[in-house]
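Spelled out from the first residue to the last, the chains are:
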Number of protein chains: 2
Amino acid sequence: MTQNYNTEKRIIDAARAVFTTKGYNGATMQDIANEADVNKALLHYYFRSKEKLFNLIFDEAFSCILSNLTNLLEEELKFEKKLKRIIEAYIDTFVSYPYIPNFIIHELASNANQLDRKLKEYKISKYFFIRRFIKIRTEIDNEIVKNRIKDIEANDLIINIISLCAFPFLLRPIITFNDGMYNSTFKIQMEMRKESITDLIINGIRNKKHNSSLLRFFFI
Amino acid sequence: MTQNYNTEKRIIDAARAVFTTKGYNGATMQDIANEADVNKALLHYYFRSKEKLFNLIFDEAFSCILSNLTNLLEEELKFEKKLKRIIEAYIDTFVSYPYIPNFIIHELASNANQLDRKLKEYKISKYFFIRRFIKIRTEIDNEIVKNRIKDIEANDLIINIISLCAFPFLLRPIITFNDGMYNSTFKIQMEMRKESITDLIINGIRNKKHNSSLLRFFFI
DNA sequence: GTCTATAGCGGGATAGAC
DNA sequence: GTCTATCCCGCTATAGAC
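Everything numeric in this text was worked out from a predicted model, so none of it was measured. Every chain begins its residue count from 1, and numbering advances along the sequence as written. Naming scheme: in the order in which they are written, chains are lettered from A and ligands are numbered from 1. Residue-level local features of this predicted model are given only where pLDDT is at least 70; pairs of side-chain atoms are given and counted only at 80 or more, and the full residue set underlies all totals for whole chains, interfaces and linings. Note that water and hydrogens are dropped before the side-chain values are worked out from all heavy atoms of the structure.

To continue, consider the packing of aromatic side chains. Only rings of Phe, Tyr and Trp enter the pairing, Trp through its six-membered ring, and a pair is recorded when the two centres are within 6.5 Å. The plane angle decides the type: under 30 degrees is stacked, over 60 is edge-to-face, the rest tilted. Inspection of every chain in the model, using the stated rule, returns 27 aromatic pairs over all chains. Relative to Tyr 46 of chain A, the ring of Tyr 45 of chain A lies with its centre 5.1 Å away and its plane at 85°, an arrangement referred to as edge-to-face. Each residue is placed in one exposure class: buried if its accessible area under a 1.4 Å probe, protein chains only, is under 20% of its type's maximum, exposed if it is over 50%, and partly exposed if it falls in between. Judged by relative accessible area, Tyr 45 of chain A falls into the exposed class, the value being 65%. Ring centres of Phe 169 of chain B and Phe 186 of chain B lie 5.7 Å apart, and the angle between their planes is 85°; this geometry places the pair in the edge-to-face category. Placement of Phe 169 of chain B in helix H9 (residues 154–170) and of Phe 186 of chain B in helix H11 (residues 183–205) is noted, with a sequence separation of 17 residues between them. Take Phe 169 of chain B: its relative accessible area is 6%, and that puts it in the buried class. Judged by its relative accessible area of 2%, Phe 186 of chain B falls in the buried class. Through pairs of rings, three or more aromatic residues link up here, namely Phe 19, Tyr 24, Phe 54, Phe 58, Phe 62 and Phe 103 of chain A. Criterion for a charge above a ring: Lys NZ or Arg CZ within 6 Å of the ring centre, and within 35 degrees of the ring normal. One Lys or Arg, Lys 50 of chain A, reaches over the ring of Tyr 24 of chain A and ends 4.5 Å from the middle of that ring. Helix numbering and strand numbering both begin at the N terminus, where a helix is a DSSP run of H or I of at least 4 residues and a strand a DSSP run of E of at least 2.

Quick look at the structure:
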């Protein structure tokens, strides 16, 4: 029983490592078996098929992103503070699971059915995300009406935040290539980005009272 | 001869379509043959192997990104104007070839040797990129010394720009999912991002004390 | 240049011994 | 639960007819 648990866990850990680096098609059951140091037949004994094993790993990663964020969106916080918290939450997630951005992005792109499947499984409609974002969107629009931030598209702002948080993890192979930059250095860099990104976003969208009319002349 | 050319071109176009959506491992020679509407054996007749055909497509995409940017970096332009031009160039490239970000990112991540191979093939060292960026880095640092922009890492600024330009194209499957948003709408959105991203970056890094003098140089 | 046929191999999956 | 052996399919690649 103990042995059972260890084997199952070892397989899952191996599957995560292999699937998230090579992708579904690039990974083989033999790769995973080698990584887990178990017999190939055992993978089928525990998880029946490659697809089932993959879905386990994919769902794990997908849920990780969703759950992290949705709680934050509901919180009652000042606008800037909430932006800061969202950015921190994203970076924290990706520092803990740096493979997630590349994995999710690639699997969604190469197989649109994945997104479809996930949504159906969660019994959520295509408006799930939209509903989740209504609150923060409203808050953004409120800030605009109060003339405290520039007249930007709320969607754009959300996309910008996700881009700034996630993309460096996709660039990692290039950033760290042959560069003597090891994991710890990369982690530190990403930690520091929490503040610099928050800074960039807030300064980038904030309206400054004394020159707001001038800025409007130029940009709107 | 004419027939020959058409066949070869059809295969290349088909290979580009298939490889860039399914990735190297996801794509099969049969897929490409079907897409090109030619016999599978012809792919080997023209391109010898799957790998050679793939490298052709990959190199095409990789070169596209590099060539686009390196020229710009050498130009003599005011700092803000150069940022604006770089952002425009990136977005233009990705609007024309929206598959490039996902393709490059995934193939580099799943096969680190690709990056290695590309650099060796070009007979360029690992410092190729760094040399290319020295000029813009120096310019960034100059702006900091003059106290016109905040004290940020030049590398961070570059990463931020690339992130904001490229990542929305990776999010496309999610953004446009079941959303009635068709290609033309997405393109328009990306076109508008040219200005909003430039705006965000420049306002995000500008030092408030000196912004009035900075404004003069804005859209020269 | 273009096709059909097939070699040869690797991968997912299963049967069955222990 | 774990292993070996094996089935079977699909893929790359090539041989050879036309």
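Let us look at the pattern of salt bridges. Here, a salt bridge means any Lys or Arg side-chain nitrogen found within 4 Å of an Asp or Glu carboxyl oxygen. Summed over all chains, the structure comprises 24 salt bridges over all chains. With a closest N to O distance of 3.2 Å, Glu 88 of chain A and Lys 84 of chain A form a salt bridge. Placement of both Glu 88 of chain A and Lys 84 of chain A in helix H5 (residues 79–96) is noted, with a separation of 4 residues, approximately one turn of the helix. Of the charged contacts in the structure, one is a salt bridge between Lys 194 of chain B and Glu 191 of chain B, with a shortest N-O distance of 3.1 Å. With Lys 194 of chain B and Glu 191 of chain B both in helix H11, this residue pair falls 3 residues apart, about one helical turn. Bridged by salt links that share partners, the residues Lys 9, Asp 13, Arg 16 and Glu 60 of chain A form one connected network.

So, on to the protein's contact with DNA strand D. The cutoff for a nearby residue is simple: one of its non-hydrogen atoms must lie within 4 Å of the molecule or strand. Asn 4, Asn 39 and Tyr 46 of chain A together with Lys 40 and Lys 50 of chain B are the nearest of the 17 residues found near DNA strand D. Here, DNA strand D places atoms within 4 Å of the protein, and 67% of those atoms are sugar or phosphate. N or O atoms closer than or at 3.5 Å make up a polar contact, with two conditions inside protein: a donor-capable atom paired with an acceptor-capable one, and, for residues adjacent in sequence, both atoms drawn from side chains. A distance of 2.9 Å is found between a phosphate oxygen of DNA strand D and a backbone nitrogen or oxygen belonging to Met 29 of chain B. Measuring from a phosphate oxygen of DNA strand D, one finds a side-chain N or O atom of His 44 of chain B at 3.1 Å. The set of elements that each furnish at least two residues to the surface near DNA strand D consists of helix H1 (2–26) and helix H3 (40–47) of chain A together with helix H3 (40–47) of chain B. Each residue gets one label: Ala, Val, Leu, Ile, Met, Phe, Trp, Tyr, Cys and Pro are nonpolar, Asp, Glu, Lys and Arg are charged, and the others, such as Gly, are polar. Of the residues belonging to the surface near DNA strand D, the class tally is 7 nonpolar, 7 polar and 3 charged.

Function cannot be read off these values alone, since they describe shape.
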